[in-house]
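Secondary and tertiary structure notes
Here's the letter readout for the chains.
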Amino acid sequence: MALMAASASCSRLLSSLHLPPRGISGNNGLPRIRPVVSQRPFSPLPEIRASPDPIDFSGRCLRFGGWNEMLRRRGSKGGELGVPAAAAADADGVVEPAKSLSERFPALVTGSFFMTWYFSNIIFNILNKKVYNYFPYPRFVAFIHLLVGVIYCLVCWSLGLPKRAPIDKEFLLLLTPVAFCHALGHVMSNVSFASVAVSFTHTIKALEPFFNAAASQFVLGHQIPFPLWLSLAPVVFGVSMASLTELSFNWTGFISAMVANFAFTYRSLYLKKAMTGMDSANVCAYTAMIALVLCFPPALLIDGPQLMQHGFRDAIAKVGLAKLVSDLFWVGLFFHLDNQLAVSTLERVSPLTHAVGSVLKRVVVIVLSTIVFGNKITTQTAIGTAIAITGVAIYSLIRANMAEENQNAAAN
């Protein structure tokens with residue numbers, strides 16, 4: 001009986017320990033207890049529970065559970081974590097890109113384009129006239145201008161500055177009228193430069209806003225307000241007044257400058273359409289290449305025979321071969337830079353505003369060329385030029401007021 005009572009007491013004790021009676025083995029009568037193995041290695045740091053949010057591997061910043069909110073709170077105040085203010089993110093963790101210089105200061109960037117354009121044009125005009133003083137072959141010189149520009153573009157493409165944009169048949173047909181007007185205007189301008197004073201050629205070409213306004217209204221169908229037309233009247237009158245007493249006047253120089261006005265007006269209009277699918281540097285490069293092909297026949301047929309007979313020989317005898325080649329190269333380089341900057345500026349403004357900027361540029365060229373070459377001008381020529389400049393200033397003010405009114409109307 002005592003043995004049976006002891007066995008019953010042992011069973012009750014084992015039950016209280018949640019061990020089955022068969023847990024007793026023959027190993028010295030000790031219970032067999034299974035070892036508990038941890039699923040993760042021991043770490044002295046407190047346990048960080050897994051976040052219910054998955055890790056985001058999209059284009060946004062990675063999000064790790066509750067850490068994102070702490071990072072944003074501390075980073076926005078420039079706290080201990082050292083997150084820079086420029087990399088501060090919004091509520092979704094997306095970093096706002098910084099604005100470029102052209103977006104923050106558009107007027108400053110556009111003004112710098114105009115100033116650089118003016119500088120390259122002034123250097124080109126002065127150096128170009130010096131070349132014509134000992135090498136009066138404008139069609140050949142115009143061809144050399146384009147040739148140097150094409151070589152410059154090919155070198156830039158080989159360096160990837162800029163990367164060459166592919167061109168298809170459709171865009172080539174779109175650029176052909178631009179290149180034709182560019183070639184015609186360039187050749188006629190050089191014929192005028194070689195025939196008359198630089199100041200007189202630019203005085204005639206000050207009529208370009210008038211040609212541009214006429215083409216905009218009668219060709220494109222854009223309605224030009226009457227006050228704008230009225231502001232161009234002093235320009236026409238001033239140019240006419242200056243031309244009557246210009247000491248270097250001849251019909252070749254006058255007619256060539258007028259044809260150049262007509263050609264460059266249509267170049268601006270066609271160029272604005274052509275610049276919709278390609279950057280200005282590539283447009284300028286392809287235009288120069290097509291214009292080079294178009295300028296070759298007049299250079300060969302008109303100037304070629306005289307150059308072969310005595311043209312090259314006379315120029316080398318006056319200045320030497322090295323200076324002749326150097327002058328032609330530099331004048332061609334500045335001509336290309338002048339046109340590329342003109343196209344880049346045209347991207348930012350309307351054709352009419354571009355024409356006004358071109359007129360103001362010619363005013364600077366007129367003054368500087370008169371000083372550099374010592375050209376004598378009569379009192380009537382000076383008064384006529386001043387009247388033309390005044391007309392350009394009035395036109396610019398009216399144009400600026402109209403643009404401001406249109407912006408205010410669009411904002412309201």
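Heads up: the structure comes first, above all this text.
Described in the following lines is the structure provided in the data block. (Residues numbered from 1 in each chain as written. Predicted model: local features only at pLDDT ≥ 70, side-chain atom pairs only at ≥ 80, totals over all residues. Heavy atoms only, no water.)

With that settled, consider the overall build of the chain. A count of helices and strands for the chain gives 14 helices and zero strands. Written out in order from the N terminus, the α and β elements of the chain read α-α-α-α-α-α-α-α-α-α-α-α-α-α. Counting the 412 residues in the chain, one finds 40% classified as buried. Entry remark: accessible area of the chain is about 24,100 Å², with carbon and sulfur atoms responsible for 67%. (Helix = DSSP H or I, 4+ residues; strand = E, 2+ residues; numbered from the N terminus. Buried < 20%, exposed > 50% of the residue type's maximum accessible area, 1.4 Å probe, protein only. Areas by Shrake-Rupley, 256 points an atom, 1.4 Å probe, with all protein chains shown as cover.)

A few words now on the side chain of asparagine 125. Tracing the backbone through its elements, the reader meets asparagine 125 in helix H4 (residues 106-132). A relative accessible area of 4% means that asparagine 125 is categorised as buried. Not counting the four nearest positions on each side in its chain, asparagine 125 is found in contact with Phe193, Val198, His202 and Val365. (Contact = heavy atoms within 4.5 Å.)

Before going further, it helps to spend a moment on the pattern of salt bridges. Scanning the model with the defined rule gives two salt bridges in all. As a salt-bridge pair, aspartate 303 and arginine 139 come within 3.4 Å of each other at their nearest N and O atoms. Residue aspartate 303 is found in helix H11 (residues 280-319), and its partner arginine 139 is found in helix H5 (residues 138-159); the two are separated by 164 residues along the sequence. Residue arginine 139 is classed as partly exposed on the basis of its relative accessible area of 21%. Across the pair lysine 323 and aspartate 327 runs a salt bridge whose closest N-O atoms are separated by 3.3 Å. With lysine 323 and aspartate 327 both in helix H12 (residues 321-346) and four residues apart, the pair spans about one turn of that helix. Judged by relative accessible area, lysine 323 falls into the partly exposed class, the value being 42%. (Salt bridge = Lys/Arg side-chain N within 4 Å of Asp/Glu carboxyl O.)

Another point: the packing of H5 against H12. Running from N to C, H5 and H12 point in directions that differ by 70°, and their axes come no closer than 8 Å. The angle between H5 and H12 falls in the class roughly perpendicular. When the axes of H5 and H12 are compared, the crossing they make is right-handed. Contacts from Val141, Ile144, His145, Leu146, Val148, Gly149, Tyr152 and Cys153 of H5 reach H12 at Leu328, Phe329, Val331, Gly332, Leu333, Phe335, His336, Leu337 and Gln340. Split by residue class, the contact of H5 with H12 holds 12 nonpolar, five polar and no charged. (Axes fitted to C-alpha atoms, helices over the stretch in contact; angles between N-to-C directions. Parallel < 35°, antiparallel > 145°, perpendicular 65-115°, else oblique. Left-handed = near helix turned anticlockwise from the far one by under 90°. Nonpolar A, V, L, I, M, F, W, Y, C, P; charged D, E, K, R; others polar.)

Their axes nearest at 9 Å, the elements H5 and helix H6 (residues 169-195) cross at an angle of 130°. Relative to H6, the element H5 is oriented oblique. Of the two possible hands of crossing, H5 and H6 adopt the one that is right-handed. Along the contact surface, H5 presents Pro138, Arg139, Val141, Ala142, His145 and Leu146, while H6 presents His182, His186, Val187, Asn190, Val191 and Ala194.

So, about a nonpolar patch on the surface. Together, Leu147, Ile151, Val155, Leu159 and Leu161 give the surface a local cluster of nonpolar side chains, amounting to about 470 Å² of exposed area. Considering the arrangement of structural elements, one finds leucine 159 in helix H5. (Patch = residues over 30% accessible without salt bridge, like charges linked within 9 Å, V, L, I, M, F, W, Y side chains within 5 Å.)

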